[in-house]
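Structural description and commentary
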Amino acid sequence: MFDLPYWVDIDVRHCIDVMYVEKNVCDGVIGTLLNIQGKTKDALITHQDLAEMGIRASLHPMSDGKKIYLPPACHTLSKKENISFCQCLPLVKVPQGYSANIKSLVQLKQQFLSVAI
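It should be emphasised that the depicted structure is a prediction, and the values quoted were computed from it without experimental measurement.

So, how was this worked out
Residues numbered from 1 in each chain as written. Predicted model: local features only at pLDDT ≥ 70, side-chain atom pairs only at ≥ 80, totals over all residues. Heavy atoms only, no water. Helix = DSSP H or I, 4+ residues; strand = E, 2+ residues; numbered from the N terminus. Buried < 20%, exposed > 50% of the residue type's maximum accessible area, 1.4 Å probe, protein only. Areas by Shrake-Rupley, 256 points an atom, 1.4 Å probe, with all protein chains shown as cover. pLDDT = per-residue confidence, 0-100. Patch = residues over 30% accessible without salt bridge, like charges linked within 9 Å, V, L, I, M, F, W, Y side chains within 5 Å. Salt bridge = Lys/Arg side-chain N within 4 Å of Asp/Glu carboxyl O. Disulfide = S-S within 2.5 Å.

A few words now on the overall build of the protein chain. Per the secondary structure count, the protein chain includes 3 helices and 4 strands. Classification of the 117 residues of the protein chain by burial places 22% in the buried group. Carbon and sulfur atoms make up 60% of the accessible area of the protein chain, which amounts to about 9400 Å² in all.

In the predicted model, the protein chain carries a mean pLDDT of 79, and the fraction of residues at 70 or more is 86%. The element-level mean pLDDT for the protein chain is lowest in strand β4 (residues 112–113), coming to 62, with helix α2 (residues 44–53) highest at 90.

A cluster of nonpolar side chains, contributed by Y20, V21, V25 and V29, occupies part of the molecular surface with about 360 Å² of accessible area. Its place among the elements puts Y20 in helix α1 (residues 18–33). With a relative accessible area of 54%, Y20 lands in the exposed category.

The backbone of R56 sits at a positive phi, close to 50°, despite the residue not being glycine. Here R56 shows up in the loop between α2 and β1 (62–63).

Summed over all chains, the structure comprises 0 disulfides. In this model C88 remains outside any disulfide bridge; the closest cysteine sulfur is found in C86, 9.9 Å from its own. A residue is classified by how much of its surface remains accessible, and C88, at 44% relative accessible area, is partly exposed.

What follows is the structure, encoded as structure tokens:
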């Protein structure tokens, strides 16, 4: 943060950019729910952390010698739920100017939102 070119011009440096945070949180939540490669926060490191802390044994990574298997968490959507979620989003009505045209962002065949990639 200190290397940003506009850092010296910020009057209140402990404030954060709300829109940037909202976008990152939204990307993280959608990426994790839809299990989008590269955007999900439910990765090997996360499962290893759970094992190291000794909590949620059902989510610890499992290895068969060749591959490491990550058990799905309770928040991971199934394929059917992914399709249902992606079909529901274009029907959401929000006030004008409140959000992007979400209908144009939903990729139903690939089951993801194009902004999350």
